[in-house]
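Residue-level structure breakdown
Here are the chains, one letter per residue:
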Amino acid sequence: MDKQKVIVICGPTASGKTKLSIEIAKKINGEIVSADSMQIYKEMDIGTAKPTIEEMQGIKHYLLDFVSPDKRYSVADYKKDAINAIDEIIEKNKVPIVVGGTGLYINSLIYGIEYPEIEIDIKYRNELEKTADEPDGLRKLYEMAKKIDEEAIKNISPNDKKRICRVLEIYHSTGKTKTQQEIESRKNGPKYDYLIYGLNMDRDKLYDRINKRVDIMIQDGLIEEVKNVASKYKEFPTAMQGLGYKEVLEYLNGDTTKEEMIEKIKMETRRYAKRQLTWFRRYETIKWIDALGDIQNNINIILEGYCEK
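As a starting point, this report considers the structure included with it. (Residues numbered from 1 in each chain as written. Predicted model: local features only at pLDDT ≥ 70, side-chain atom pairs only at ≥ 80, totals over all residues. Heavy atoms only, no water.)

Let us now look at the nonpolar core. V33, Y78, V98 and Y194 are the most contacted members of the largest nonpolar core, which totals 49 residues. Of all the secondary-structure elements, those providing two or more residues to this core are β1 (5-10), α3 (75-91), α4 (103-110), β5 (193-200), α10 (203-220), α11 (222-232), α12 (245-252) and α13 (258-280). Considering every element that reaches this core, the biggest residue donor is α3, with seven residues. With near-sequence residues (within four places) excluded, Y194 lies in contact with V6, V8, I83, I86, L109 and I110. (Core = buried A, V, L, I, M, F, W, Y, C linked by side-chain atoms within 4.5 Å. Buried < 20%, exposed > 50% of the residue type's maximum accessible area, 1.4 Å probe, protein only. Helix = DSSP H or I, 4+ residues; strand = E, 2+ residues; numbered from the N terminus. Contact = heavy atoms within 4.5 Å.)

Let us look at the packing of helix α5 (residues 122-132) against helix α6 (residues 137-148). Orientation of α5 relative to α6, taken along the N-to-C sense of each, is 125 degrees, at an axis distance of 6 Å. With respect to each other, α5 and α6 are oriented oblique. Touching L128, T131 and A132 of α5 are G137, L138 and L141, all from α6. (Axes fitted to C-alpha atoms, helices over the stretch in contact; angles between N-to-C directions. Parallel < 35°, antiparallel > 145°, perpendicular 65-115°, else oblique.)

Right, let's get into the pattern of salt bridges. Scanning the model with the defined rule gives 22 salt bridges in all. Notably, a salt bridge pairs K232 with E43, separated by 3.3 Å at the nearest N-O pair. With K232 in helix α11 and E43 in the loop between β2 (30-34) and α2 (53-56), this residue pair connects regions lying 189 residues apart in the sequence. The class of K232 is exposed, set by a relative accessible area of 54%. Judged by relative accessible area, which is 30%, E43 ranks as partly exposed. A salt bridge links K264 to E250, with the nearest nitrogen and oxygen atoms 3.2 Å apart. With K264 in helix α13 and E250 in helix α12, the pair connects residues that are 14 residues apart, well separated along the chain. Three or more residues joined by partner-sharing salt bridges are found here, namely R72, E129, D133 and K161. (Salt bridge = Lys/Arg side-chain N within 4 Å of Asp/Glu carboxyl O.)

Moving on, we come to the pairing of β2. Strand residues, when the strand is regular, have side chains that alternate between the two faces of the sheet. In terms of burial, β2 is largely enclosed, as five of its five residues are buried. Because side chains alternate across β2, one face comprises the buried residues G30, I32 and S34, and the other comprises E31 and V33, equally buried. As paired elements, β2 and strand β4 (residues 95-100) share five bridges and run parallel to each other. The residue bridging E31 from the neighbouring strand is P96, located in β4. Strand direction decides the pairing type here: β2 and strand β3 (residues 61-62), joined by two bridges, are parallel. The residue bridging V33 from the neighbouring strand is Y62, located in β3. (Pairing = 2+ DSSP bridges.)

In space, the six strands of this open sheet follow the order β3-β2-β4-β1-β5-β6, with parallel pairing throughout. Two strands close off the open sheet at either side, each with one partner strand: β3 and β6 (287-290). Alignment of β1 against β5, held across six bridges, turns out to be parallel. The partner of I9 across the bridge, within β5, is Y197.

For the rest of this paragraph, the subject is the layout of surface pockets. Approximately 670 Å³ is the volume attributed to the second largest pocket. Along its surface, the second largest pocket is lined by 28 residues, and S74, V75, A76, K162 and R166 are the ones closest to its centre. Among the secondary structure elements, those contributing two or more residues to the lining of the second largest pocket are α3, α5, α8 (161-174) and α9 (178-185). Considered class by class, the residues forming the lining of the second largest pocket number 12 nonpolar, two polar and 14 charged. (1 Å grid on protein atoms, 1.4 Å probe; cavity = no way out; pocket = protein on both sides within 12 Å on 5 of 7 lines; lining within 4 Å. Points joined across faces, edges and corners; volume = space filled by probe spheres on them. Nonpolar A, V, L, I, M, F, W, Y, C, P; charged D, E, K, R; others polar.)

Attention now goes to α11. Along α11, the residues classified as buried are L222, I223, E225, V226 and V229. One side of α11 holds all its buried residues, which, seen down the axis, span an arc of 160 degrees. Exposed residues pointing more than 90 degrees away from the buried face of α11 are listed as S231 and K232. Next to the buried residues of α11 lie α10, α12 and α13. (Arc of directions from axis to C-beta.)

Two quantities define a packed helix pair, namely the angle between the axes and the distance from one axis to the other. Where α6 meets α8, the axes come as close as 9 Å, and the angle between the chain directions of the two elements is 45 degrees. Judged by the angle between their axes, α6 and α8 are oblique. Taken as a pair, α6 and α8 cross one another with a handedness that is left-handed. Packed against α6, whose contacting residues are L138, L141, Y142, M144, A145 and I148, the element α8 presents K161, I164, C165, V167, L168 and Y171 at the interface. The class makeup of the residues in the contact of α6 with α8 is 11 nonpolar, no polar and one charged. (Left-handed = near helix turned anticlockwise from the far one by under 90°.)

Glancing now at the packing of aromatic side chains. In the structure shown here, the tally under the stated rule is five aromatic pairs. Plain terms: the ring middles of F66 and Y73 are 5.5 Å apart, the flat faces sit at 90 degrees to each other, and that makes the pair edge-to-face. Where Y78 meets Y105, the ring centres are 4.0 Å apart and the plane angle is 5 degrees; that geometry is what we call stacked. Highlighted residues: Y78 in helix α3 and Y105 in helix α4, separated in sequence by 27 residues. Of the two residues, Y78 and Y105, neither departs from the other in class, the shared state being buried. Taken together, the ring pairs in this structure connect Y111, F280 and Y283 into an aromatic cluster. The ring centre of Y306 lies 5.9 Å from the NZ or CZ of K5, which sits over that ring. (Phe/Tyr/Trp six-rings, centres within 6.5 Å; stacked < 30°, edge-to-face > 60°. Lys NZ or Arg CZ within 6 Å of the ring centre and 35° of its normal.)

Structure (structure tokens):
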């Protein structure tokens with residue numbers, strides 16, 4: 001029996017994934033499953049570029065705006081929730097469209113990665129948290145993780161405390177690296193037939209779009225958004241590590257000027273976009289689409305691929 005087809009639209013930040021996916025969904029009776037590790041958070045709308053109700057144009061979106069900023073949410077949690085959402089869409093005789101730029105989330109689906117339950121060693125986790133909060137501590141943890149699992153750490157930012165600690169916790173608890181576990185878990189393969197499309201464009205044009213997007217976020221009230229979330233929640237296991245939020249917190253704490261903050265957000269977002277492109281280029285079956293090309297032509301390319309036997 002043939003596997004159910006699921007469309008995946010991925011690409012770097014600011015490449016136009018949201019707009020294209022909504023147009024596809026309207027044409028093909030589809031619903032959208034987000035694959036964005038920041039858009040999951042409630043009350044964090046501006047800095048995550050979360051689509052508005054108007055932008056959604058009546059298309060149902062799953063896995064947006066449902067996790068409290070003070071809660072942990074793992075890739076394993078995402079995979080479980082995403083599969084449930086895809087199943088629900090298929091049961092309604094609609095087409096699932098996975099859309100986002102978080103490579104770990106997309107990997108969990110297209111490679112069928114299973115995440116074994118790992119008993120959390122609270123004492124060890126607290127030790128990692130304590131080290132991470134020390135001057136230069138996060139860099140030390142990053143280097144430790146790199147020695148243990150160089151393959152996994154290639155895809156993790158040196159500032160991503162949660163995922164750095166996860167690599168260390170997995171090895172501490174199981175004696176196996178995260179990479180080893182993922183290789184072993186891929187043996188059963190994915191549940192669905194994922195048709196992967198990547199949005200790409202000239203690097204300078206992409207960077208220009210990123211810079212303009214950051215300026216608009218500031219104008220739309222990103223600083224106020226961060227103030228509100230920071231005042232409401234005491235802990236941010238991951239949420240405030242996100243691009244834009246971390247830099248605004250540094251500004252609010254008096255560590256940088258407003259101009260320095262804006263330039264840093266732009267620079268870090270450009271770096272993130274570059275990492276995203278590197279990540280998605282590893283997908284052997286990905287079909288690249290010109291993000292700045294005619295949108296109707298791009299829709300046709302995806303629909304033709306979906307309708308092929």
